[in-house]
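What follows is the residue order along each chain.
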Amino acid sequence: MHSKFKRHQKVRILREPDPEYIEYYSEEPIPIKKGMTGKINILLSNGKYHVEIDKDGEVIAYAPFNEEDIEPID
């Protein structure tokens with residue numbers, strides 16, 4: 001199976017994740033909006049990408065995304 005993204009690759013979120021599957025890194029949840037950036041953490045067994053979402057250089061959450069829900073950042 002070929003994956004489009006590699007581990008630690010920087011990506012931009014094209015849609016908001018399902019709130020049920022967001023893992024917040026901080027005590028106070030920050031809303032995850034499309035256009036936010038992150039990097040690929042791992043490729044999940046179901047074919048989705050586990051993305052580390054950041055804001056102002058700090059990790060705020062982790063969430064799973066489909067390949068078409070994220071785009072690479074150069």
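The structure contained in this document is the topic of the report that follows. (Residues numbered from 1 in each chain as written. Predicted model: local features only at pLDDT ≥ 70, side-chain atom pairs only at ≥ 80, totals over all residues. Heavy atoms only, no water.)

**Some points on unusual backbone geometry**
- Unusually for a residue other than glycine, His8 sits at a positive phi of about 70 degrees.
- Its place among the elements puts His8 in the segment before strand 1 (10–13).
- At Asp56, a residue that is not glycine, the phi angle is positive and equals roughly 55 degrees.
- In this structure, Asp56 sits in the loop between strand 4 (49–55) and strand 5 (58–65).
- A relative accessible area of 75% places Asp56 in the exposed class. (Helix = DSSP H or I, 4+ residues; strand = E, 2+ residues; numbered from the N terminus. Buried < 20%, exposed > 50% of the residue type's maximum accessible area, 1.4 Å probe, protein only.)

**Remarks on the side chain of His50**
- Relative to the helices and strands, His50 resides in strand 4.
- In this structure, His50 is in contact with Glu23, Lys39, Ile40, Asn41, Ile42, Leu44, Tyr62, Ala63 and Pro64, ignoring residues within four places of it in sequence. (Contact = heavy atoms within 4.5 Å.)

**With respect to the sheet that holds strand 5**
- Here we have six strands laid out as an open sheet, ordered 2-5-4-3-1-6, and antiparallel in their pairing. Of all strands in the sheet, those with a lone pairing partner are strand 2 (23–24) and strand 6 (70–72), marking the two edges.
- Bridging between strand 1 and strand 3 (residues 37–43) involves three bridges; their strand directions are antiparallel. If you follow Arg12 over to strand 3, its bridge partner there is Thr37. (Pairing = 2+ DSSP bridges.)

**A look at the nonpolar core**
- Core analysis: the largest hydrophobic core is formed by 15 residues, its most contacted members being Ile32, Ile40, Val51, Ile53, Phe65 and Ile70.
- Contributing elements (two or more residues each) for this core: strand 1, strand 4 and strand 5.
- The dominant element in this core, judged by the number of residues it contributes, is strand 5, at four residues.
- Filtering out sequence-adjacent residues up to four positions away, Ile70 remains in contact with Phe5, Val11, Arg12, Ile13, Leu14, Ile40, Tyr49, Val51 and Phe65. (Core = buried A, V, L, I, M, F, W, Y, C linked by side-chain atoms within 4.5 Å.)

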